[in-house]
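# A look at the structure
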Amino acid sequence: MRTHFTNQLNELPDGFNVTICGWVQDIRNLGNISFLILRDREGIAQVTLIKKEMGEDYYKKINGLNRESVICVNGKINKKTQSKLGLEIIPTKIDVLNEAETPLPMGIIDKVSVDIETRLNNRFIDLRKPEVFSLFRIESSISKGIRETLENEGFIEIHTPKIIATATEGGTNLFKVKYFENDAYLVQSPQLYKQIMMAAGFERVFEIAPAFRAEEHNTNRHLNEFVSIDIEMSFSTDDDAMNMLEKVIYNAIEKIKKDNVRDLKILNVEINLPERPFPRVKYDELLDYVNSKGIEMKFGEDFSSEALTLIGEKYKGFFFITRWPMEARAFYVMPCEDDPRYGRAFDLQFGEREITSGAQRNHIYSSLKENIIKKGLNPEDFKFYLDAFRYGMPPHAGWAIGLERFTMILTNSKNIREVTLFPRDRRRIIP
Ligand code: ATP
């Protein structure tokens, strides 16, 4: 239907005939002349309506359109205009494709601030706001950039099941679903399957897919359904996985800086390329640090949000927390050779926020089984997984980035719901 998006009009010569399509953002009627602002995905254009050229009735009809009605305008570009946009369209024909009802559930360009609940309830309208749309363009570039890097590095995209019979890391935080006569669960992570793919000899795999967590708490950085970007790589250590993560993060940021100039401008955020390598700080060092600052924390505990705030003040950008106590991590982490109280696990932080966790995995059947038992789990429940370790499992490592967390960080968003199209949280499952 359209010949051009609004952002392509500038390059065209004066008098050029175009058809643009979009939403009626606003109409300013001055009597004999009126200015209709048409918005499409790429920007806005002014359509100048002139009564004596359009005829009284037609002029009246178009001027009477409700805001957000959908139209296509065919007309000529006029560059000799006083419009701030540098050009206007003098219409020959305006097709009204769908008239919007009035009043709108919420405004698009009004300056009044609307609370997040109203915005999410009317998400289809909220997403029409350029500053909201830009977040998702950036999110799209992030997944595209990550995919590009991983493909260049020889990773194969896989799709593992989202309905499973056994919990990844024990029974908590699982959504139970009815699976015919039996109970099943929604996956918390593709962890076990991506590891099995190492036994399958795929060497390097990645998956970008939803993960489900029945976490009761309602925070501004947790969702009950989020997109997990997972990798697993064979013949690799925790250091190899961290190096790969650095590369992936760096390239994604580089891509956004290049491809999302307009979005960054709309959002008024500046992104700097991080310096590599990212600092790698041991868990114990941070434990001592927070203890010295008066936060009580015992060896083996995870950092509280209070502790992370403190740590985030010291380390502002990307940094790894390495060498975690085994008791703080899942059973599949490879213990350190020099001291098995520690594991080859890491988190990638951006200041106080965690965006990735990863590890070298335990590929030794007997000790893996022992760790499952130590965590109070039943190895029988993991037979399908453990069997993969019995007939030739290479050493391997991997990680998982939360796509929304990463987007949040890069766009400086305060709430993860901002960067989630239709968030699922403790209270929300619609729309
Ligand atoms: P947190 O401690 O922040 O709750 P986690 O330790 O449970 O996270 P992992 O299981 O290690 O997280 O998951 C890997 C990554 O997936 C996290 O670093 C984060 O980016 C993302 N992630 C995990 N849980 C959630 C969630 N509930 N909502 C959004 N993203 C999440």
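Shown above is the structure to which this text applies.
A brief structural summary.

About the cut-offs
Residues numbered from 1 in each chain as written. Predicted model: local features only at pLDDT ≥ 70, side-chain atom pairs only at ≥ 80, totals over all residues. Heavy atoms only, no water. Helix = DSSP H or I, 4+ residues; strand = E, 2+ residues; numbered from the N terminus. Contact = heavy atoms within 4.5 Å. Areas by Shrake-Rupley, 256 points an atom, 1.4 Å probe, with all protein chains shown as cover. Lys, Arg positive; Asp, Glu negative; His and termini not counted. Charge placed at Lys NZ, Arg CZ, Asp CG, Glu CD. Near = heavy atom within 4 Å. Polar contact = N/O pair within 3.5 Å; in protein donor to acceptor, adjacent residues only side chain to side chain. Disulfide = S-S within 2.5 Å. Buried < 20%, exposed > 50% of the residue type's maximum accessible area, 1.4 Å probe, protein only. Axes fitted to C-alpha atoms, helices over the stretch in contact; angles between N-to-C directions. Parallel < 35°, antiparallel > 145°, perpendicular 65-115°, else oblique. Left-handed = near helix turned anticlockwise from the far one by under 90°. Nonpolar A, V, L, I, M, F, W, Y, C, P; charged D, E, K, R; others polar. Pairing = 2+ DSSP bridges. Phe/Tyr/Trp six-rings, centres within 6.5 Å; stacked < 30°, edge-to-face > 60°. Lys NZ or Arg CZ within 6 Å of the ring centre and 35° of its normal.

## Examining the overall build of the protein
Secondary structure assignment for the protein yields 13 helices and 16 strands. Seen along its three principal axes, the alpha-carbon backbone of the protein occupies a region of about 85 × 55 × 40 Å. Partitioning the intrachain contacts of the protein with sequence separation of at least 6 by distance along the chain shows that 65% fall at a separation of at least 24. Approximately 21400 Å² of the protein is accessible, and the part contributed by carbon and sulfur atoms is 50%. Taking the average location of the 60 positive side-chain charges in the protein and that of its 64 negative ones, the two points are 5 Å from each other.

## Side note on the site of the ligand
Close contacts around the ligand come from 14 residues, with Glu215, His222, Glu354, Ile355 and Ser357 the closest. One of the side-chain N or O atoms of His222 is found 2.6 Å from an oxygen atom in the ligand. Isolated, the ligand exposes 580 Å² of accessible area, and the fraction of that covered by the protein chains is 83%. For the shell around the ligand, the elements supplying multiple residues, two or more each, are β15 (353-360) and β16 (396-402). Top element by residues in the shell around the ligand is β15. It accounts for 4 residues.

## A word on the state of the cysteines
For the structure shown, the criterion picks out 1 disulfide. Two residues share a disulfide in this structure: Cys21 and Cys72, whose sulfurs sit 2.1 Å from each other. Note on the Cys21 and Cys72 pair: the S-S dihedral is about 100 degrees, so by sign convention the disulfide is right-handed. With Cys21 in strand β1 (residues 17-29) and Cys72 in strand β4 (residues 70-78), this pair connects stretches of sequence that are 51 residues apart. The class for Cys21 is buried, based on a relative accessible area of 8%. The exposure class of Cys72 is buried, given its relative accessible area of 6%.

## Brief notes about the packing of helix α5 (residues 130-152) against helix α13 (residues 403-411)
Between α5 and α13, whose axes approach to 10 Å, the crossing angle comes to 120 degrees. Of the possible angle classes, the one that applies to α5 and α13 is oblique. Pair α5 / α13 crosses with right-handed handedness. On α13, the residues that touch Leu135, Ile138, Glu139, Ile142, Ser143 and Ile146 of α5 are Leu403, Glu404, Phe406, Thr407, Leu410 and Thr411. Looking at the contact of α5 with α13, its residues break down into 7 nonpolar, 3 polar and 2 charged.

## Digging into unusual backbone geometry
Along the chain, Thr102 connects to Pro103 via a cis peptide bond; the corresponding omega equals -5 degrees. Mapped onto the fold, Pro103 is located in the loop between β5 (88-98) and α3 (116-121). We note that Phe180 has phi near 50 degrees; this positive angle belongs to a residue other than glycine. Within the fold, Phe180 resides in the loop between β8 (176-179) and β9 (182-186).

## Things to note about the sheet that holds β1
The sheet built from 5 strands closes into a barrel, its strands ordered β1-β2-β3-β5-β4 with mixed pairing. Geometrically, the sheet is characterised by an average inter-axis angle of 50 degrees between neighbouring strands, direction not taken into account. Bridge count for β4 against β5 is 9 bridges, and the pairing is antiparallel. Its bridge partner being in β5, Ile77 is matched across the sheet by Ile89.

## Some remarks on the packing of aromatic side chains
By the definition in use, this model includes 16 aromatic pairs. Between the aromatic rings of Tyr179 and Phe180, the centroid separation amounts to 5.1 Å while the plane-to-plane angle is 65 degrees, which identifies the pairing as edge-to-face. On the accessibility criterion, Phe180 (67% relative accessible area) is exposed. Summarising the aromatic geometry, the rings of Tyr283 and Phe303 are spaced 5.2 Å apart at their centres and angled 55 degrees between planes, so their arrangement reads as tilted. Residue Tyr283 is found in helix α9 (residues 283-292), and its partner Phe303 is found in the loop between α9 and α10 (305-314); the two are separated by 20 residues along the sequence. Each of the two residues, Tyr283 as well as Phe303, counts as buried. Feature note: the residues Phe278, Phe318, Phe320, Phe346 and Phe350 constitute an aromatic cluster, connected by ring pairs. Over the ring of Trp324 we find Arg329, and its NZ or CZ is 4.6 Å from the ring centre. Seen from the ring of Phe299, Arg341 lies directly overhead, with NZ or CZ sitting 5.7 Å from the centre.

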